[in-house]
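Chains, contacts and geometry: an overview
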Amino acid sequence: MVADGHVPWSMGFNNGGAADGWTGSDFIQDILLATQGPDYVNGIIAVPHLTMIRSGGSLSNLPEWASDPKYTVGGASGTVNTKFLDAIYKVFSNRPKR
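The structure reproduced in this document is the subject of the present report. Treat the numbers as computed from the prediction; the structure is a model and nothing was measured.

**What about the overall build of the protein?**
Each helix and strand counted, the protein has five helices and zero strands in total. In sequence order, the secondary structure elements of the protein are arranged as α-α-α-α-α. Here the protein holds 98 residues, and the buried ones make up 30% of them. The long-range share in the protein, meaning contacts at least 24 apart out of those at least 6 apart in sequence, stands at 55%. Surface exposure of the protein reaches about 6,400 Å², of which carbon and sulfur atoms provide 57%.

**Topic: the packing of aromatic side chains**
Taken as a whole and judged by the stated rule, the model has three aromatic pairs. Here tryptophan 9 and tryptophan 65 contribute two aromatic rings whose centre-to-centre distance is 5.0 Å and whose plane-to-plane angle is 50 degrees, an arrangement assigned as tilted. Taken together, the residues tryptophan 9 in the segment before α1 (22-36) and tryptophan 65 in helix α3 (residues 62-67) connect sequence positions 56 residues apart. Relative accessible area serves as the criterion here: at 28%, tryptophan 9 is assigned to the partly exposed category. Seen in terms of ring centroids, tryptophan 22 and phenylalanine 84 are 5.1 Å apart; in terms of plane orientation they differ by 55 degrees. Their pairing is tilted. With a gap of 62 residues between them, tryptophan 22 in helix α1 and phenylalanine 84 in helix α5 (residues 84-92) connect regions that are remote in the sequence. Since its relative accessible area comes to 37%, tryptophan 22 is described here as partly exposed. For phenylalanine 84, a relative accessible area of 29% puts it in the partly exposed group. In this structure an aromatic cluster arises from ring pairing among Trp9, Phe27 and Trp65.

**Examining the pattern of salt bridges**
Should their charged atoms come close, side chains of opposite charge can pair. Taken as a whole, this structure holds one salt bridge when the rule is applied. Measuring nitrogen to oxygen at the nearest pair gives 3.9 Å for the salt bridge that ties aspartate 68 to lysine 70. Classification of aspartate 68 by relative accessible area gives buried; the value is 18%.

**A closer look at the side chain of threonine 82**
With respect to the secondary-structure elements, threonine 82 resides in the loop between α4 (75-81) and α5. Exposure remark for threonine 82: the relative accessible area of 8% places this residue in the buried category. Among all residues touching threonine 82, those that are not within four sequence positions of it are Met11, Gly12, Phe13, Asn14, Ser77, Ala87 and Lys90.

Rules of the game
- Residues numbered from 1 in each chain as written.
- Predicted model: local features only at pLDDT ≥ 70, side-chain atom pairs only at ≥ 80, totals over all residues.
- Heavy atoms only, no water.
- Helix = DSSP H or I, 4+ residues; strand = E, 2+ residues; numbered from the N terminus.
- Buried < 20%, exposed > 50% of the residue type's maximum accessible area, 1.4 Å probe, protein only.
- Contact = heavy atoms within 4.5 Å.
- Areas by Shrake-Rupley, 256 points an atom, 1.4 Å probe, with all protein chains shown as cover.
- Phe/Tyr/Trp six-rings, centres within 6.5 Å; stacked < 30°, edge-to-face > 60°.
- Salt bridge = Lys/Arg side-chain N within 4 Å of Asp/Glu carboxyl O.

Written out as structure tokens, the structure reads:
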């Protein structure tokens, strides 16, 4: 998608208050479930392993995806300042945001 000039994600980690961040943790869980499976995720629920973020780990690309405007609408600022539902609206509007 990026090679074709499209932005694959619109991330919204801001929900205005105590609920901030849950969408980010859900995104991380989805990546881990897809790449490592449910047994792995169940084994690390309390304490994340550093191998997830080291080079080649399941989450090694997450910082780039969540901060680079090539991968997410608005780059890092868009990710942390956009509310969850607003992030969805950006990509499903009549003129999707890039």
